[in-house]
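Each chain is listed here by its residues.
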Amino acid sequence: MDNTSKSKFVLLTGGAGYIGSHTIIPLIESGYEVVVIDNLFNACKGEGEKPVSILQVEKLTGKQVTFYAIDLLDYILLSEVFDKHEFCCVIHFAGLKYSNESCNIPLNYYKVNVCGSINLFQVMMEHNVKRLVFSSSSTVYSEPHFLPITELHPVGQSLVNVYDKSKYYIEGIIQDLCNSDKEWFVIILRYFNSVGAHSSGTLGEDPNGTPSNLMPYVAQVAVGKIQSLNVFGKHCSTIDGTGVRDYIHIMDLAEGHVSALEKMQKSNDSGAIAINLSTGNGYSVLQVINMFSQVSKQEIKYEIVDCPNGYCDSSYCDASFAKEYLGWEAKRTLKEMCEDTWRWLSLYPQGFSTTT
Ligand SMILES: NC(=O)c1ccc[n+]([C@@H]2O[C@H](COP(=O)([O-])OP(=O)(O)OC[C@H]3O[C@@H](n4cnc5c(N)ncnc54)[C@H](O)[C@@H]3O)[C@@H](O)[C@H]2O)c1
């Protein structure tokens, strides 16, 4: 692949989802032409072809986003999208993402996440598009051996759920692909916990069913949709006995993808490079609850319960490589994460179905 390619067309798989839709905004602001494919499995359908998230992005940016409602597993339709556009790069968000669910339906997770990725990489190969940003996860590190977690931390050890394994396997496939063909350049972004919403309050996370991660759960308690929250603790060896995690504002994460694309456009590097994308700051569950309560002026009811087996006390990253390699660092605070989540939920209490 010629890295001097003048094409500014970027394909986002799963671009109608939470992280993908937010990422479109800074991409458009940076002059990229965005094309999205998504099968709408976890995105709210709008009127007509386009999902609500994409329509909201179009309102915010004043620009059209090309959208195809297709499945990653459909080789022929995927190939046709590559015939129509000359992409400089692909950002691969599409996938199934719920850890608990993944153990109940492992074949679905492997099919969509692993087979879907292989499908995509084959179509990319055929069309000589060899630049990729891949959405991986901090869960490939499993229980941390040391803190903060650097990219040199071992991966793939003692992974317990199918989702985490699928991310680890895809990283391995990418590595093998890059070993076999030196023209590939892949940036593997290992996200920590992405939270928050666009500051307009018109775009945010719209989880199907009961949320499985902390911030949307806290928000649902604040808005009265869920009565109370179970908090694991008080026996973790942390500041207040509850688990500490690394949270990143969704717009910081979105901007991290633009930095990755810029790097790909300018650099002659090749191979696969894994990068932690987060703040490097850990906050306890109670710190998050208290901040959310302060910002929303709502009482957040919670109950302390025993930690499940294998619950990890603390997990947060060393974010210095992202700064060094991509020139990117997260800027937004925990307060902004809570404020923007609250604004989104106050305006759209039923998520995107509020707008349809
Ligand atoms: N949200 C997080 O905190 C987090 C953390 C680590 C990694 N990730 C990874 O980042 C990526 C994006 O996460 P998200 O939070 O935006 O998830 P999301 O579910 O909101 O978005 C994923 C999108 O992919 C689409 N999709 C699913 N299967 C598809 C298929 N077969 N064909 C086409 N489209 C398909 C869904 O409809 C959805 O719009 C995922 O790969 C996820 O595993 C997310």
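Thresholds applied
Residues numbered from 1 in each chain as written. Predicted model: local features only at pLDDT ≥ 70, side-chain atom pairs only at ≥ 80, totals over all residues. Heavy atoms only, no water. UniProt positions renumbered as here; feature names shortened; annotations may be inferred. Disulfide = S-S within 2.5 Å. Helix = DSSP H or I, 4+ residues; strand = E, 2+ residues; numbered from the N terminus. Buried < 20%, exposed > 50% of the residue type's maximum accessible area, 1.4 Å probe, protein only. Contact = heavy atoms within 4.5 Å.

- Per an unreviewed UniProt entry, the recorded name for the chain is UDP-glucose 4-epimerase, and the organism is Cinara cedri.
- Quoted straight from UniProt, the Pathway (unreviewed entry) entry for the chain says "Carbohydrate metabolism; galactose metabolism."
- Of the comments in the UniProt record for the chain, the one headed Subunit (unreviewed entry) reads "Homodimer."

## Some words on the state of the cysteines
Consideration 1: Under the defined criterion, the tally for this structure stands at zero disulfides.
Consideration 2: Of all cysteine sulfurs, the one in Cys 103 lies closest to Cys 115, which takes part in no disulfide; the gap is 18 Å.

## Section: the side chain of His 85
Consideration 1: On the secondary structure map, His 85 appears in the loop between helix 3 (75-84) and strand 4 (87-92).
Consideration 2: Residue His 85 is classed as buried on the basis of its relative accessible area, which comes to 14%.
Consideration 3: Beyond its immediate sequence surroundings of up to four residues, His 85 is in contact with Phe 9, Val 35, Thr 66 and Tyr 68.

## Structural notes on unusual backbone geometry
Consideration 1: Along the chain, Leu 147 connects to Pro 148 via a cis peptide bond; the corresponding omega equals -10°.
Consideration 2: By the secondary structure assignment, Pro 148 is in the loop between strand 5 (131-137) and helix 6 (162-180).
Consideration 3: Non-glycine residue Leu 40 carries a positive phi angle of around 65°.
Consideration 4: Phi is positive for Ser 142, which is not a glycine, with a value near 60°.
Consideration 5: Within the fold, Ser 142 resides in the loop between strand 5 and helix 6.

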